[in-house]
2 protein chains.
Amino acid sequence: MAEQRSIRKRRKIQGVTMMDVARAAGVSPSTVSLFLRRPEAVSAAAGEAVQAAIRQLNYVPNLIAGGLAAASSRVVGVIVPSVRNAFFAETVAALQRDLGRARLQMLLGHSEYDPQTEEDLVRATLSWAPAAIVLTGLGHAEATRAMLKAAAIPVVQIWELGRTQPIDAAVGFHHDQVGAAAARHLVARGCRALVYLSGRTHQDRRAAQRAAGFLAAARELGVPVRHLGHPAPATVEQGGILFAQLLAEAPAVQPLGIGCSNDLLALGVLFEAQRRGRRIPEEFAVIGFGDMGFAASSNPALSTIRPAGDLIGSEAARLIVARLATPELAAPERREAGIIDTGFSVMHRQST
Amino acid sequence: MAEQRSIRKRRKIQGVTMMDVARAAGVSPSTVSLFLRRPEAVSAAAGEAVQAAIRQLNYVPNLIAGGLAAASSRVVGVIVPSVRNAFFAETVAALQRDLGRARLQMLLGHSEYDPQTEEDLVRATLSWAPAAIVLTGLGHAEATRAMLKAAAIPVVQIWELGRTQPIDAAVGFHHDQVGAAAARHLVARGCRALVYLSGRTHQDRRAAQRAAGFLAAARELGVPVRHLGHPAPATVEQGGILFAQLLAEAPAVQPLGIGCSNDLLALGVLFEAQRRGRRIPEEFAVIGFGDMGFAASSNPALSTIRPAGDLIGSEAARLIVARLATPELAAPERREAGIIDTGFSVMHRQST
DNA sequence: GAGTTTCATAATAGCGCTACGATCATATCT
DNA sequence: AGATATGATCGTAGCGCTATTATGAAACTC
């Protein structure tokens, strides 16, 4: 009796494979694959047979296998500081929408404003051989930059433009200009003295840039200005606390112009002023940043600076799709083309 | 001269492969793989050699290949209606944090409250052979349920508990109980008539459940109640509009208890009341839902109902990790163990 | 009508990794 | 000592798919 060779147990992984579809449709697996990728390259008859088989068997293609074979994974890694932050949520939503249209999926990570966490996330994301990566800001650990350069995939840095050269492409705006615009707006509204309220500037370099821009513009205009910051995140509660602190110092000049590093802080100022019976904008003019949902409807309606969070997402998606289609677009000599300033607009409402 | 066989061009995919690491470390690829997955199963000497080689070559493992070989991809698909919604943002953040600790990555999608979009997202996500899937709510297209059952992976449905049987596991709370709690709270605070304000109840079934719970509880308490809804999303602006509409009908009873399907709506009511000089809570008592950042700091501070968004995320992550470790946990007869009620708490503040 | 082009389809060789069994050295038992 | 158990390491066969080449049939050339 012949010794039975030890038969390796086949690990069943997927219910319905491309081979099953091919059998059902009476064609070869190659044809099924081709149909899935370029339907127009397959005859109408074969295409319909494959289509029918796919539907009948409820076939779900395995993109992992596809990605391995094709060396292109149709995922885009997106790393933002925080999804809880409404700014980034808007951009992430636009990104997902527009990437989805190009049949790209989003692998999301949030770094909690920590460069080391970001580096780990980039490493983990690169393990998925992503088609492209979206990062927030221009400031990153050296190792992060090195990994991304080595990966040789499109990299789009969002929400910040500045002197730092982007790794590949960038979509955003100049936060110092936002701060300057806020200062100029307050002065134009008659403020003879300014204060900038912010939170977490040590971690959030974009908030720090807004503060710096505000201070610089005020000085340029010859208006006394100071910066009241706090390491805690910029929340509504924090806005109230900072305003109370400001009142304690009994500012003499009226109206005092208050720039806030975001709308939450500004809303906190509004509430605290109300509680203390201080009038806005007569005694204090307040301008925020973000144009969050409540800004237009608050009482008084909040003047603020509106970034184009949505546009940032869709432009980033557009750049990625374009680069994947024509990789030469990412060539260093075309660098300028990959820097998109989405700008911002000053929304003048009742609080200034 | 011998004919040169046509050499197939090797598509170079990855810079440094496991094989390169193995060579550099003087071990076999199997040992490298084993070290990466279970370092304790490898001798200290071999482990150190591999570690050194990895660092020296800056090796990034290819999880796509790993996923294909192992039939387990270490990604978890997460599908929420919207990341712009602060509720889900909090849960998503917790999920990412806790899944990350188990070295699982998150593939995020948002359905924009559309079942068809959700179905497409589930299909796309399943293409990644995810280790598990997290869905929002218990209501899904039949095809979606079928796909997920067929996929035979852990499925955790979050943010809703109810009569509908979950596909596998569920973490959330009963929205009708939230509505009932709001109604009871208002009545306890002396309201003799109630109104429920909501937006988008036709799409957001959880908002609809809160409304239904509110109405039912009010009727049970014998208090007149009505529902003022609108198809637009529940925003601050919408809150103001609905409150103005309410005032136009000149309600006689004071205080009138106003339940809002979320805090944004409630904030809009607060602002509009202020603008019109109506007193809260004397004339109108207002309670929201969500305990969003501003609720504790608004003027008056907003009474609201706080769901455990963070806890939902971490419990969902815990369930997934447990199920991946011991698949038997997902057996139908253990179904109960996979239903976790994270509850909610009534935050009594100044607005009621 | 033999040669050439065009098009649709099929066969084949991996993509980089993991699971599994096999192998080999060493420790522990009768 | 010889048998057996234990532990570390290695060799191999795919995972399901795509890119590429090969094949065959039909549509053109001159």
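As the structure is a computational prediction, the values presented were derived from the model and not from experiment. The written sequence of each chain sets the order in which its residues are numbered from 1. For this description, chains carry letters from A and ligands carry numbers from 1, given in the order in which they are written. The model is predicted, so local features are restricted to residues of pLDDT at least 70 and side-chain atom pairs to those at 80 or more, both for listing and for counting; the totals for chains, interfaces and linings are taken over all residues.

Peer 1: Please explain the overall build of chain A as it appears in this structure.
Peer 2: Strands are runs of DSSP state E lasting at least two residues, helices are runs of H or I lasting at least four, and both sets are numbered from the N terminus onward. Broken down by element type, chain A carries 12 helices and 12 strands. Note that the radius of gyration is over C-alpha atoms, with the globule rule given as 2.2 Å times the number of residues to the power 0.38. Against the 2.2 N^0.38 benchmark of 20 Å for 352 residues, chain A shows a C-alpha radius of gyration of 27 Å, more extended than a compact globule. Dimensions of chain A, computed from C-alpha atoms along their principal axes, come out at roughly 105 × 45 × 40 Å. Residue burial here comes from a neighbour count, namely the number of other C-beta atoms, placed from the backbone, that lie within 10 Å of the residue's own C-beta, with 20 or more meaning buried, 12 or fewer meaning exposed, and in between meaning partly exposed. Counting the 352 residues in chain A, one finds 53% classified as buried. If you take every contact in chain A between residues at least 6 apart in sequence, the share linking residues at least 24 apart comes to 70%. By definition, residues are in contact whenever their C-beta atoms, placed on the basis of the backbone, come within 7 Å of each other.

Peer 1: Honestly, the sheet that holds strand β6 (residues 193-199) of chain A in this entry has me stumped. Any pointers?
Peer 2: In a beta sheet, neighbouring strands pair by backbone hydrogen bonds and run either parallel or antiparallel. Residue and element names in this part refer to chain A. Whether two strands pair comes down to DSSP finding at least two bridges between them. The strand order β7-β6-β8-β9 describes an open sheet built from four strands, whose pairing is parallel. The open sheet has two free edges, formed respectively by β7 (225-230) and β9 (284-287), since each of these has just one partner strand. Neighbour-to-neighbour, the strand axes of the sheet open up by a mean angle of 20°, direction not taken into account. In this sheet, β7 lies alongside β6 in parallel orientation, the contact comprising six bridges. Among the inter-strand pairings, L197 is bridged to a residue of β7, identified as L228. Lying over the sheet, helix α8 (residues 175-188) contacts β6, β8 (256-260) and β9, oriented at roughly 160° with respect to β8. Between N-to-C directions, angles cover 0 to 180 degrees, with each direction set by a line fitted to C-alpha atoms, over the stretch in contact for helices.

Peer 1: Explain the relation of the copies chain A and chain B here, please?
Peer 2: The two chain copies are connected by a rotation around an axis plus a translation along it. Rotating chain A by 180° and moving it 0.1 Å along the rotation axis overlays it on chain B with an RMSD of 0.2 Å. Classification of the inter-copy transformation places it as that of a two-fold axis. The rotation axis passes nearest to the C-alpha of L107(A) in chain A, at a distance of 2.4 Å. A high fraction, 100%, of the interface residues of chain A reappear at the interface in chain B, so the copies pair face to face through one surface. To line up the copies, we fit them by least squares on C-alpha atoms, keeping just the residues with pLDDT of at least 70 in both.

Peer 1: Sorry if this is basic, but what is going on with the interface of chain A and chain B here?
Peer 2: As a measure of interface size, the accessible area lost when the parts come together is often cited. Contact residues are listed per partner, giving 49 residues for chain A and 49 residues for chain B. When contributions to the side of chain A that touches chain B are tallied by element, the ones reaching two or more residues are α4 (63-70), α5 (86-101), β2 (105-110), α6 (115-126), α10 (236-248) and α11 (263-275) of chain A. Under the grouping applied here, Gly and all other residues not named as nonpolar or charged are polar, the nonpolar ones being Ala, Val, Leu, Ile, Met, Phe, Trp, Tyr, Cys and Pro and the charged ones Asp, Glu, Lys and Arg. A class-by-class count of the residues in the side of chain A that touches chain B yields 26 nonpolar, 17 polar and six charged.

Peer 1: Is there a simple way to think about the environment of G268(B) in this case?
Peer 2: Here G268(B) is to be found in helix α11 (residues 263-275). Using a count of 28 C-beta atoms within 10 Å as the deciding quantity, one classes G268(B) as buried. Each C-alpha atom, one on G268(B) and one on G313(B), is 28 Å from the other, the two residues being 45 residues apart in sequence. In this structure G268(B) touches S297(A), V236(B), E237(B), Q238(B), G239(B), G240(B) and F243(B), once residues within four positions along its chain are discounted.

Peer 1: What am I meant to see in the sheet that holds strand β8 (residues 256-260) of chain B here?
Peer 2: Residue and element names in this part refer to chain B. Taken together, the four strands give an open sheet; going across it, the order is β7-β6-β8-β9, and neighbouring strands pair in parallel fashion. Strands at the two margins of the open sheet, each flanked by one partner only, are β7 (225-230) and β9 (284-287). Between one strand and the next, the sheet's axes are offset by a mean angle of 20°, whatever the strand orientation. The strands touched by helix α8 (residues 175-188) are β6 (193-199), β8 and β9; relative to β8, the strand with the most contacts, the crossing angle is about 160°.

Peer 1: Sorry if this is basic, but what is going on with helix α12 (residues 309-325) of chain A here?
Peer 2: Since the α-helix advances by 3.6 residues per turn, residues separated by three or four positions end up pointing in the same direction. Working rule for helices: expected span equals 1.5 Å times residues minus one. Given a rise of 1.5 Å per residue, 17 residues ought to cover 24 Å, and the 25 Å separating the end C-alpha atoms of α12(A) matches this to within 8%. When α12(A) is considered as a whole, its buried residues turn out to be G309(A), I312(A), G313(A), E315(A), A316(A), A317(A), L319(A), I320(A) and R323(A).

Peer 1: Explain the pairing of strand β2 (residues 105-110) of chain B here, please?
Peer 2: On a regular strand, one side chain projects to one face of the sheet and the next to the other, so that they alternate. Residue and element names in this part refer to chain B. Counting buried positions along β2 yields six of six residues, so the element is predominantly enclosed. Of the two faces of β2, the one carrying Q105, L107 and G109 and the one carrying M106, L108 and H110 are both buried. Inspection of the sheet shows strand β1 (residues 75-80) paired to β2 by six bridges, in the parallel sense. Across the sheet, the residue bridging to I79 is G109, located in β2. Classification remark: right-handed applies to a crossover when, strands pointing away from the viewer, the course from the first strand over the helix to the second runs clockwise. On the question of chirality, the crossover connecting β1 to the parallel β2 by way of helix α5 (residues 86-101) is right-handed.

Peer 1: What exactly am I supposed to notice about the packing of helix α2 (residues 29-37) of chain B against helix α3 (residues 44-57) of chain B here?
Peer 2: Residues and elements named next belong to chain B. Direction vectors running N to C along α2 and α3 enclose 90°, while the axes themselves pass 10 Å from each other. In terms of orientation, α2 and α3 fall into the roughly perpendicular class. Contact residues: T31, V32 and F35 in α2; A46, G47 and V50 in α3. Here the residues of the contact of α2 with α3 are counted per class, giving four nonpolar, two polar and no charged. Throughout this description, any angle smaller than 35 degrees is read as roughly parallel, any larger than 145 degrees as roughly antiparallel, any in the 65 to 115 degree range as roughly perpendicular, and the remainder as oblique.

Peer 1: Would you mind going over the packing of helix α1 (residues 18-25) of chain A against helix α2 (residues 29-37) of chain A with me for this structure?
Peer 2: All names here are of chain A. Direction vectors running N to C along α1 and α2 enclose 105°, while the axes themselves pass 8 Å from each other. As far as their axial angle goes, α2 and α1 are roughly perpendicular. On α2, the residues touching M18, M19, V21, A22 and A25 of α1 are P29, T31, V32 and S33. In terms of residue class, the contact of α1 with α2 is built from seven nonpolar, two polar and no charged.

Peer 1: When you look at the pairing of strand β3 (residues 132-136) of chain A in this model, what are you seeing that I'm missing?
Peer 2: All names here are of chain A. Most of β3 sits inside the fold, with five of its five residues counted as buried. Residues A132, V134 and T136 point to one face of β3 and I133 and L135 to the other, with burial holding for every one of them. Here strand β1 (residues 75-80) runs beside β3; their pairing, made up of four bridges, is parallel. Paired with G77 across the two strands is I133, which belongs to β3. As paired strands, β3 and strand β4 (residues 155-158) are joined by four bridges and run parallel to one another.

Peer 1: I tried to follow unusual backbone geometry on my own but got confused; where do I start?
Peer 2: Both trends apply: most residues other than glycine have a negative phi, and most peptide bonds are in trans. With omega at 10°, the peptide bond leading from I280(A) into P281(A) counts as cis. As for its placement among the helices and strands, P281(A) is situated in the loop between α11 and β9. Unusually for a residue other than glycine, E112(A) sits at a positive phi of about 55°. Relative to the helices and strands, E112(A) resides in the loop between β2 and α6. Assessed through the 15 C-beta atoms surrounding it within 10 Å, E112(A) is described here as partly exposed. The phi torsion at W159(B) lies on the positive side, around 70°, for a residue other than glycine.

Peer 1: Teacher, can you tell me more about the environment of P255(A) here?
Peer 2: All names here are of chain A. Relative to the assigned elements, P255 resides in the loop between α10 and β8. In sequence terms P255 and A285 are 30 residues apart; their C-alpha atoms lie 6.3 Å from each other. Sequence-distant contacts of P255, that is, excluding residues within four places in its chain, are made with G190, C191, P281, E282, E283, F284 and A285.

Peer 1: Just checking my understanding: could you explain the nonpolar core for this structure?
Peer 2: Across soluble globular proteins, nonpolar side chains show a tendency to be buried alongside one another. Here a nonpolar core is just a set of buried residues of the types Ala, Val, Leu, Ile, Met, Phe, Trp, Tyr and Cys, joined wherever their C-beta atoms sit within 7 Å. One finds V76(A), V156(A), V286(A), V76(B), V156(B) and V286(B) to be the most contacted residues of the largest nonpolar core, which totals 224 residues. When near neighbours in sequence (up to four residues on either side) are disregarded, V286(B) contacts I258(B), C260(B), A266(B), V269(B), L270(B), I280(B), L302(B), S303(B), S351(B) and T352(B).

The quantities given are spatial measurements derived from coordinates; they are silent on function.
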